[in-house]
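# Understanding the architecture of this molecule
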Amino acid sequence: MFAFSPAAHADKPELYRDLVEAAQALTAGEADGVANMANLAALIWTFLPDLNWAGFYRLPAGSDELVLGPFIGKPACIRIALGTGVCGTAAATRTSQCVADVHAFPGHIACDANSRSELVVPVLRDGAVIAVIDLDSPSPARFDADDTAGIIALAKAIAPVI
Ligand code: SME
């Protein structure tokens, strides 16, 4: 049994340091990327409050579409073209997207009508996008620069194991 129960944290940077450490411990020695993404989605869900969706979209080598990966939340759209929506924009530009109001994001894809804000961070391996981490919240402006930096650190840490 894995018992990752996040203790109280002084601030968000400390929370994300613990999350990254837990992610490394959880995936250590496991080569199956799907299993690792499934556990990482559950870990993110356990650590971060106020989410309604947390998970992965994968970018298969040579593809121009993201494909749904392991996640926690309501069933979601399966394929997202590069450059489309928040996830496709993050993947196409290789740039994190921290969206305070999803209704104001041109082309936002509404998988869960409860989502109000969203953070999407590309996962890079050898300079290429292999996936994105997608977090949705029912609260407007749920994510800030600390969340973005924390999920970027997580993406870097897990890139070799997904
Ligand atoms: N809102 C995303 C689609 C994925 S769902 O949030 C799970 C987007 O605009 O790309």
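Residues numbered from 1 in each chain as written. Predicted model: local features only at pLDDT ≥ 70, side-chain atom pairs only at ≥ 80, totals over all residues. Heavy atoms only, no water.

## Describing the overall build of the protein chain
Within the protein chain, the regular secondary structure consists of 4 helices and 6 strands. Mapped in sequence order, the helices and strands of the protein chain form the string α-α-β-β-β-α-β-β-β-α. Since a compact globule built from 162 residues should have a radius of gyration of about 15 Å, the 15 Å found for the protein chain is in line with a globular shape. Here the protein chain holds 162 residues, and 45% of them are scored as buried. Taking the intrachain contacts of the protein chain between residues at least 6 apart in sequence as the baseline, contacts between residues at least 24 apart amount to 50%. Looking at the protein chain as shown, the accessible area adds up to about 7,600 Å², and 56% of this sits on carbon and sulfur atoms. In the protein chain, 10 side chains carry a positive charge and 18 a negative one; their mean positions are 3 Å apart. (Helix = DSSP H or I, 4+ residues; strand = E, 2+ residues; numbered from the N terminus. Rg over C-alpha atoms; globule rule 2.2 N^0.38 Å. Buried < 20%, exposed > 50% of the residue type's maximum accessible area, 1.4 Å probe, protein only. Contact = heavy atoms within 4.5 Å. Areas by Shrake-Rupley, 256 points an atom, 1.4 Å probe, with all protein chains shown as cover. Lys, Arg positive; Asp, Glu negative; His and termini not counted. Charge placed at Lys NZ, Arg CZ, Asp CG, Glu CD.)

## Looking at the pattern of salt bridges
Scanning the model with the defined rule gives 5 salt bridges in all. With a shortest N-O distance of 3.2 Å, Arg 79 and Glu 65 are connected by a salt bridge. Of this pair, Arg 79 sits in strand E3 (residues 79–81) while Glu 65 sits in strand E2 (residues 65–73), and the two are 14 residues apart along the sequence. Of the residues examined, Arg 79 reaches a relative accessible area of 51% and is grouped as exposed. Given the relative accessible area of 28%, Glu 65 is considered partly exposed. We note a salt bridge from Arg 142 to Asp 147, for which the minimum N-O separation is 3.5 Å. Pair check on accessibility: Arg 142 and Asp 147 agree, each one buried. Overlapping salt bridges bring together Lys 12, Arg 142, Asp 144 and Asp 147 as one network. (Salt bridge = Lys/Arg side-chain N within 4 Å of Asp/Glu carboxyl O.)

## So, the site of the ligand
Residues in contact with the ligand amount to 13 residues; listed here are only the nearest, Val 86, Cys 87, Ile 109, Glu 118 and Asp 136. Here a nitrogen atom of the ligand sits 3.4 Å away from a polar atom, N or O, in the side chain of His 108. In the model, a nitrogen atom of the ligand is placed 3.0 Å from a nitrogen or oxygen of the Glu 118 side chain. For the ligand, the accessible surface in isolation is 310 Å², of which the surrounding protein chains cover 100%. Comparing atom positions with the cavity grids shows the ligand to sit within the largest cavity. Elements with a contribution of two residues or more to the shell around the ligand: strand E1 (53–58), helix H3 (85–93) and strand E6 (128–137). Broken down by element, the shell around the ligand gets its largest block of residues, 3 residues, from H3. Partitioning the shell around the ligand into residue classes produces 8 nonpolar, 2 polar and 3 charged. (Near = heavy atom within 4 Å. Polar contact = N/O pair within 3.5 Å; in protein donor to acceptor, adjacent residues only side chain to side chain. 1 Å grid on protein atoms, 1.4 Å probe; cavity = no way out; pocket = protein on both sides within 12 Å on 5 of 7 lines; lining within 4 Å. Sits in = over half its atoms within 2 Å of the grid points. Nonpolar A, V, L, I, M, F, W, Y, C, P; charged D, E, K, R; others polar.)

It is worth stressing that arrangement in space is one thing and function is another; only the former is reported here.
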